[in-house]
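# Chain and residue survey
Take a look at the letters that make up each chain.
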Amino acid sequence: MTIIVDQPEFGIGGEKKKISNSEKDLILDGGFVVPHANSFGHNFRDYDAESERQEGVEIFYKTNHINQTYDYVKKMREEYGKLDKVEMSIWECCELLNDVVDESDPDLDEPQIEHLLQTAEAIRKDYPNEDWLHLTALVHDLGKVLLLPCFGELPQWAVVGDTFPVGCAFDESIVHHKYFKENPDYNNSAYNTKFGVYKKGCGLDNVLMSWGHDDYMYLVAKKNKSTLPSAGLFTIRYHSFYALHRSGAYKHLMNEEDKENLKWLQIFNKYDLYSKSKVPVDVEKVKPYYLSLIQKYFPEKLRW
Ligand SMILES: [Fe+2]
Ligand SMILES: [Fe+2]
């Protein structure tokens, strides 16, 4: 039996490596142990597995790919960039998010706070000095509050799933690419070329990404003047941008800072994926540590 894991190193995007499963667990950089299966007993992020969710995930991506247009993203950024919905701290948001289940994710069937803390704690164990990365892990999925009524109760396709640039051609490495044919931008000559509305090396900061929890949390952090380093903000905004960090697509839009930040995103990403297994975290025990990081990198109350 073999399993397929991503090569997370910068510059190797797109390649997959077959590794014997005889040792049951894989050891990645930093000594982090990758369990061989997720909570459903399938391999991680294996969209072809005979999973109960497979059909739902495909319908999800069809809707997502048809509706995520350049105009739609602009409209959502304007609306949610106002940050006029709610005031609350990062920790309050973690608790609020607890009931949300992400339909697009074939690996995850646990409360969100478990996922956030499992990811953060796994990184903390291997990178004890990068406290900004621990906090980045804690907050990376908080934008999923968009699914809740007080945030407009957006449909799943507008909140979760893989993200990709709009305003230029949809790369073929994007999951279920075939459904883009029904996206109005697909036949719009302003948006369907390699560069579209962008310029070579313009920097991902200047690129509109499909709307979802990643970009929303990035806006919240930035507009509330978080002191997280740029690699932390980059990780938040692009953590679902698999076409970039798995397949190496869209590198022609990156600038030098993006290339540096991508290295951290790729470290983060293996923890985001592989900590989605049943390793319980004692929330009350780790809470004081994360509260201290919140105080360091975010103001008391945030506008959302
Ligand atoms: Fe996420
Ligand atoms: Fe995540």
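Bear in mind that the values here come from a model prediction, so they are computed numbers and not experimental data.

### With respect to the overall build of the protein
Looking only at helices and strands, the protein has ten helices and six strands in total. When the 304 residues of the protein are sorted by exposure, 44% land in the buried category.

### Focus on the packing of helix α5 (residues 131-139) against helix α7 (residues 230-238)
Their axes nearest at 10 Å, the elements α5 and α7 cross at an angle of 25 degrees. The angle between the axes of α5 and α7 places the two elements in the roughly parallel class. The way α5 lies across α7 gives a crossing that is right-handed. Between α5 and α7, the residues in contact are W132, L133, T136 and V139 and G232, T235 and I236, respectively. Taken together, the residues of the contact of α5 with α7 break down into four nonpolar, three polar and no charged.

### Comments concerning the UniProt feature "binding site: Fe cation" (unreviewed entry) in the protein
Using the residue numbers shown here, the UniProt feature "binding site: Fe cation" (unreviewed entry) corresponds to H115, H140, D141, H213, H239 and D272. Tracing the backbone shows H239 in the loop between α7 and α8 (242-245). Tracing the sequence through the fold places D272 in helix α9 (residues 256-274). The buried category is assigned to D272, around which 21 C-beta atoms lie within 10 Å. Here D272 is in contact with T119, H140 and H239, once residues within four sequence places are set aside.

### Digging into the nonpolar core
Among the nonpolar cores identified, the biggest contains 76 residues, and A137, M217, A243 and F268 are the most heavily contacted of them. Setting aside residues up to four positions removed in sequence, M217 forms contacts with V139, H140, L142, G143 and I236.

### Remarks on the UniProt feature "binding site: substrate" (unreviewed entry) in the protein
With numbering matched to this structure, UniProt assigns "binding site: substrate" (unreviewed entry) to R45, D102, E103, S104, K144, G161, D162, H239 and S240. Among the structural elements, G161 can be located in the loop between α5 and α6 (213-223). Assessed through the 27 C-beta atoms surrounding it within 10 Å, G161 is described here as buried.

Reading the values: rules and limits
Residues numbered from 1 in each chain as written. Chains lettered and ligands numbered in written order. Predicted model: local features only at pLDDT ≥ 70, side-chain atom pairs only at ≥ 80, totals over all residues. Helix = DSSP H or I, 4+ residues; strand = E, 2+ residues; numbered from the N terminus. Buried ≥ 20, exposed ≤ 12 C-beta atoms within 10 Å, placed from the backbone. Axes fitted to C-alpha atoms, helices over the stretch in contact; angles between N-to-C directions. Parallel < 35°, antiparallel > 145°, perpendicular 65-115°, else oblique. Left-handed = near helix turned anticlockwise from the far one by under 90°. Contact = placed C-beta atoms within 7 Å. Nonpolar A, V, L, I, M, F, W, Y, C, P; charged D, E, K, R; others polar. UniProt positions renumbered as here; feature names shortened; annotations may be inferred. Core = buried A, V, L, I, M, F, W, Y, C linked by C-beta atoms within 7 Å.

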